[in-house]
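Chain by chain, the residues:
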2 protein chains.
Amino acid sequence: MRLTINKEEFLKGLVTAGHAIGAKSANPVLMTFKLEMTSRGLEITGSDNDITVFTLVPLAIGETEIIRNAASGAILLNARVLSELLKKIDSAEVTIEVVDGSVAKLSDGKSEFKLNCIDAAQYPDVVLEESENSFELSAKTLTELVDQTSFAAPIKSSRPVLTGIFLKAAGGRLTATASDSARLSRKCVDIPANIAFATNVPAKTLTTVVRMLEGYDKVRMSCFPDKTIFAFGSTLVSCSVLSGEYPINDHIIPTTFNYYLETNALELLSAIERIGVLNADRAPVVKLTMTRDRVEVSTRSDATGSGTECLENFQYTGERLEISFNSTFVADAVKAVRGQDVIISFLGEMKPFMVKNPKDDSIIEVVTPMRSR
Amino acid sequence: MRLTINKEEFLKGLVTAGHAIGAKSANPVLMTFKLEMTSRGLEITGSDNDITVFTLVPLAIGETEIIRNAASGAILLNARVLSELLKKIDSAEVTIEVVDGSVAKLSDGKSEFKLNCIDAAQYPDVVLEESENSFELSAKTLTELVDQTSFAAPIKSSRPVLTGIFLKAAGGRLTATASDSARLSRKCVDIPANIAFATNVPAKTLTTVVRMLEGYDKVRMSCFPDKTIFAFGSTLVSCSVLSGEYPINDHIIPTTFNYYLETNALELLSAIERIGVLNADRAPVVKLTMTRDRVEVSTRSDATGSGTECLENFQYTGERLEISFNSTFVADAVKAVRGQDVIISFLGEMKPFMVKNPKDDSIIEVVTPMRSR
């Protein structure tokens, strides 16, 4: 294997495939990039088993030659060392040449590195194809779907199935649900009517995918029983899915309500955040005390003291209601629905309540209250 | 105690005094601000015992009233809670009123906080006065003195005395020395001829002091046997000094040399950093191989491979010399002398060498080499 390659395009490919590579792995192969020179260009793969990114640096972009003097072959090179060296090299081109199976020479005319490498045969097999359940989404739509739900999935859980975003396609709608069982976030978007599947992809993986979408208009999604593949530009990302039944279903979403608070989202958020300063050291319990004339946000902490603030702009319908909640959950929910105003609908003091944007029906947030102190 | 105060000026005072307050302390009093309303204004003190910051928010700045409706008194308030609340409050003024010895009311018209507080009598006594060994420096000079030396002092050491910057004033010169015993950094500046003292102030404390100097032209320094006081604007900072004899003296600084390398500082730094990528996981040993015609920077790591780079712009005087060193130490030294070019003077393969800026005699860096591999 041998090639001389435009440094910037090479580095772009490494950054893309590098999204899949974790900080640590017990398997040294997963700390490497697989570089394979083929007739199409330089194929770069990075993986941590949960997510595999495959990208192609082509031989030329338009009239501009990107790769020259190439001889086919494949090799595994330490991902951190290769990325760091490329970032610190000044020249416009670098040459990689595999000297024997265990050493690759990287040079830019001024400096020369002899890098230890691993036989490409040791790299895990990755099959990247499209399924029948394949459809195109705008990158913006997928990004919103993930960003507006992922925060509700716990990073770690005794029930690993909850760390995913549950994606269900049916009847022309793709519904994303994330929940840690005390709160739930759900967003729907339109997709082609013939697509039907249900899959549970780790929220962390999907967050990585949407970070990679910046600068792309479209993304193609393909669902398989054991993985979901996203394709954009010359990049393919394969995500392992979580096995086991997703335990959150439509029944936990309240549908009838007795109390409604409509208020300015920013005003509510500022009040919650100010009041929340008092309990930064413990569970951030904030209480709403609502009547038609007055809506009060308050908290009390044995350690630091108490605080009270009244909302200025609101409309409240219903009898007097006191309800306490985890202020982080409500702040997250209010931010996620992305409205100038927000409507919170309550059924009763100890019943889950719903946060919505009055101008956007595609997203709902459900939060379980806490016992008042 | 009672006052209504301009929020921005209050917050500025809290940020200044907050520089002294650590993230954790076993003593809850050291997690508070002491607020004292006097005839001069609001006096704010923060301390972690090693460093105490005292600052004054005056009654008025020029024609602008800063504090009104004041009644004298003192109180201790949780530093984190008070700072965070002030940052999140929107209004231009806040009112603080001590309700009884244990609760202070903070209000801005919209929100009201009842904050737990501690009796001011529990705050440690701080005596802030000037000594005979008092003189004025430009803030820029003190900042350079600290920034160009502090990196050489270890953050922790089995010999705590080494964590300081040793400051010696004599004959119109103030000399700052920092060393972890494998490297040394020394900077001299001019001061009034009548000043004489020797003191060892923790490098961490001095770094905090110079961070606070931004926006000030002048700083006044006063030395006492047990502390050093810095005064600027309406702020005083008292720094505890390290006891015990400072073990680094002039004898370890080499004075005769056999080999001289003069090169472009940026070129040498880039080469060292590129080559250093290969040993990020272990001791960063880099080797210089120098002859009159060729200067090579190289490294070898069992884990990642080897790398070699030649300098393009250099002048070398002396026989062929190979010398290995901790690349971080040399990179730090080259950055600290702040020259476009750098001169490194060597006595022999295993002798400490000196890094200097050919255009600035006020700073020298000494590095002990490592055994070549």
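Before any of the text, the structure's been laid out above.
Keep in mind it's a predicted model, so treat the numbers as computed, not measured.

Asks: Explain the overall build of chain A here, please?
Replies: In terms of helices and strands, chain A carries 6 helices and 28 strands. In terms of overall dimensions, chain A has C-alpha extents of about 80 × 50 × 40 Å along its principal axes. Here chain A holds 373 residues, and 54% of them are scored as buried. Taking all contacts inside chain A whose residues are at least 6 apart in sequence as the whole, residues at least 24 apart take part in 65%. A distance of 4 Å separates the average location of the 40 positive side-chain charges in chain A from that of its 47 negative side-chain charges.

Asks: In this structure, what is going on with unusual backbone geometry? I would like to understand it.
Replies: Residues apart from glycine generally show negative phi values, whereas peptide bonds are mostly found in trans. All names here are of chain A. Not every positive phi belongs to a glycine, and Asn49 is a case in point at roughly 80°. Relative to the assigned elements, Asn49 resides in the loop between β3 (41–47) and β4 (51–58). Of note, Ser181 is a non-glycine position whose phi angle comes to about 80°, a positive value. Within the secondary structure layout, Ser181 lies in the loop between β14 (173–179) and β15 (183–190). The class of Ser181 is partly exposed, set by a relative accessible area of 45%.

Asks: What's the story with the sheet that holds strand β13 (residues 164–170) of chain B in this structure? I'm lost.
Replies: Each strand in a sheet pairs with its neighbour through backbone hydrogen bonds, running either in the same direction (parallel) or in the opposite one (antiparallel). Residue and element names in this part refer to chain B. As summarised here, the arrangement of the 9 strands in space is β16-β13-β14-β15-β28-β27-β26-β20-β24, forming an open sheet in which the pairing is antiparallel. With partners counted over all chains shown, the strands left at the sheet margins are β16 (197–202) and β24 (314–317), one partner each. Averaged over all adjacent pairs, the angle separating strand axes in this sheet is 15°, with direction ignored. Here strand β15 (residues 183–190) pairs with strand β28 (residues 360–367) via 5 bridges, running antiparallel. In the sheet register, Arg183 faces β28, and the bridge partner there is Val367. The sheet strands contacting helix α3 (residues 139–147) are β13, β14 (173–179) and β15, and the helix crosses β15 at an angle near 165°. Contacts between helix α4 (residues 203–212) and the sheet are confined to β13 and β16, with β16 contributing the most and set at about 90° to the helix.

Asks: How should I be thinking about the packing of helix α3 (residues 139–147) of chain A against helix α4 (residues 203–212) of chain A in this particular structure?
Replies: The description of two helices packed together rests on the angle between their axes and the distance between the axes. All names here are of chain A. Two elements in contact, α3 and α4, have axes separated by 9 Å at closest approach and are oriented at 145°. Crossing hand, α3 versus α4: left-handed. On α4, the residues touching Leu142, Thr143, Val146 and Asp147 of α3 are Leu206, Thr207 and Val210. Taken together, the residues of the contact of α3 with α4 break down into 4 nonpolar, 2 polar and 1 charged.

Asks: How should I be thinking about the packing of aromatic side chains in this particular structure?
Replies: When we look at a pair of aromatic rings, we describe it by the centre distance and by the angle of the planes. One pass over the full model with this rule turns up 12 aromatic pairs over all chains. Taken together, a centroid distance of 6.1 Å and an interplanar angle of 25° make the contact between A:Phe135 and A:Phe197 stacked. Taken together, the residues span a long stretch of sequence, with A:Phe135 in strand β12 (residues 134–138) and A:Phe197 in strand β16 (residues 197–202) at a distance of 62 residues. Summarising the burial analysis for this pair, A:Phe135 and A:Phe197 share the class buried. Feature note: the residues A:Phe325, A:Phe346 and A:Phe353 constitute an aromatic cluster, connected by ring pairs. One cation-aromatic arrangement involves B:Lys227 over B:Phe224; the distance from NZ or CZ to the ring centre is 5.3 Å.

Asks: What is the right way to read helix α5 (residues 265–276) of chain B from this model?
Replies: Quick reminder: α-helices carry 3.6 residues per turn. Residues three or four places apart thus point the same way. Residue and element names in this part refer to chain B. Between its first and last C-alpha, α5 extends 16 Å over 12 residues, near the 16 Å set by a 1.5 Å rise per residue. With respect to burial, α5 is a largely interior element, 9 of its 12 residues being buried. Here α5 has its buried residues at Ala265, Glu267, Leu268, Leu269, Ala271, Ile272, Arg274, Ile275 and Gly276.

Asks: How should I be thinking about the interface of chain A and chain B in this particular structure?
Replies: Bring the parts together and some accessible area is lost; that lost area is often taken as the interface size. Between chain A and chain B, the contact holds 32 residues from the first and 32 residues from the second. Carbon and sulfur atoms supply 53% of the area buried between chain A and chain B, which totals about 2,700 Å² over both sides. The largest share of the area that chain A buries against chain B comes from A:Lys110, A:Arg274 and A:Val277, three residues that together contribute 25% of it. Applying the counting criterion to the chain A and chain B interface returns 4 salt bridges. Of the charged contacts, one joins A:Asp90 and B:Arg274 as a salt bridge, the two residues approaching to 3.5 Å between their closest N and O atoms. A breakdown of the residues in the side of chain A that touches chain B according to their chemical character gives 11 nonpolar, 8 polar and 13 charged.

Asks: Looking at this structure, I do not really get the sheet that holds strand β24 (residues 314–317) of chain A. What am I missing?
Replies: All names here are of chain A. In spatial order, the strands read β16-β13-β14-β15-β28-β27-β26-β20-β24; together these 9 strands make up an open sheet with antiparallel pairing. Since the sheet does not close on itself, it has two edges, and those belong to β16 and β24, each with one partner. The average undirected angle you get between the axes of adjacent strands in this sheet is 15°. Pairing analysis gives 5 bridges linking strand β13 (residues 164–170) to β14, with the strands arranged antiparallel. Paired with Ala170 across the strands is Arg173, a residue of β14. In this fold α4 packs onto β13 and β16, with an angle of close to 90° to the strand it touches most, β16. Across the face of the sheet, helix α6 (residues 327–337) comes into contact with β15, β26 (341–346), β27 (353–357) and β28 (360–367) while running at roughly 175° to β28.

Asks: How should the nonpolar core be read in this particular structure?
Replies: If you look at soluble globular proteins, the nonpolar side chains tend to sit buried side by side. By size, the foremost hydrophobic cluster in this structure holds 66 residues, and its most contacted members are A:Phe10, A:Leu35, A:Leu42, A:Leu106 and B:Phe346. At 7 residues, the largest contribution of residues to this core is made by helix α6 (residues 327–337) of chain B. Apart from residues lying up to four places away in sequence, A:Leu106 is in contact with A:Leu82, A:Leu85, A:Leu86, A:Ile89, A:Val94, A:Thr95, A:Ile96, A:Ser111, A:Glu112, A:Phe113 and A:Leu115. If you look at the next biggest cluster of nonpolar residues, it comprises 65 residues, including A:Ala333, A:Phe353, B:Phe33 and B:Leu86.

Asks: Explain the relation of the copies chain A and chain B to me, please; I cannot follow it from the model alone.
Replies: Note on the chain copies: they are related by a rotation about an axis and a translation along it. For the pair chain A and chain B, the superposition axis carries a translation of 0.0 Å, the fit reaches an RMSD of 0.0 Å, and the rotation angle comes to 180°. With respect to symmetry, the two chain copies, as superposed, fit the operation of a two-fold axis. Closest to the rotation axis within chain A is the C-alpha of A:Ala23, separated from it by 14 Å. The fraction of interface residues of chain A whose copies in chain B are also interface residues reaches 100%, indicating that both copies meet through the same surface.

Asks: Sorry, what's going on with the pattern of salt bridges here?
Replies: A side chain of one charge can pair with a side chain of the opposite charge when the charged atoms of the two come close. Summed over the entire model, instances satisfying the criterion amount to 40 salt bridges over all chains. A salt bridge links A:Asp180 to A:Arg183, with the shortest nitrogen-to-oxygen separation between them at 3.5 Å. Across the pair, A:Arg183 and A:Asp180 agree in class, each one buried. The residue B:Glu8 makes a salt bridge to B:Lys7 at a minimum N-O spacing of 3.7 Å. In this structure B:Glu8 comes out as partly exposed when scored by relative accessible area, which is 47%. With relative accessibility at 8%, the residue B:Lys7 sits in the buried group. Here the residues in one salt-bridge network are A:Asp90, A:Lys110, B:Arg274 and B:Glu309, joined through shared partners.

Asks: What am I meant to see in the environment of B:Val126 here?
Replies: Residue position: B:Val126 is located in the loop between β11 (111–118) and β12 (134–138). Between the alpha carbons of B:Val126 and B:Val81 there is a distance of 23 Å; along the sequence they are 45 residues apart.

Rules used throughout
- Residues numbered from 1 in each chain as written.
- Chains lettered and ligands numbered in written order.
- Predicted model: local features only at pLDDT ≥ 70, side-chain atom pairs only at ≥ 80, totals over all residues.
- Heavy atoms only, no water.
- Helix = DSSP H or I, 4+ residues; strand = E, 2+ residues; numbered from the N terminus.
- Buried < 20%, exposed > 50% of the residue type's maximum accessible area, 1.4 Å probe, protein only.
- Contact = heavy atoms within 4.5 Å.
- Lys, Arg positive; Asp, Glu negative; His and termini not counted.
- Charge placed at Lys NZ, Arg CZ, Asp CG, Glu CD.
- Pairing = 2+ DSSP bridges.
- Axes fitted to C-alpha atoms, helices over the stretch in contact; angles between N-to-C directions.
- Left-handed = near helix turned anticlockwise from the far one by under 90°.
- Nonpolar A, V, L, I, M, F, W, Y, C, P; charged D, E, K, R; others polar.
- Phe/Tyr/Trp six-rings, centres within 6.5 Å; stacked < 30°, edge-to-face > 60°.
- Lys NZ or Arg CZ within 6 Å of the ring centre and 35° of its normal.
- Expected span 1.5 Å × (residues − 1).
- Buried area = accessible area lost by both parts, 1.4 Å probe.
- Salt bridge = Lys/Arg side-chain N within 4 Å of Asp/Glu carboxyl O.
- Core = buried A, V, L, I, M, F, W, Y, C linked by side-chain atoms within 4.5 Å.
- Least-squares fit on C-alpha atoms with pLDDT ≥ 70 in both.

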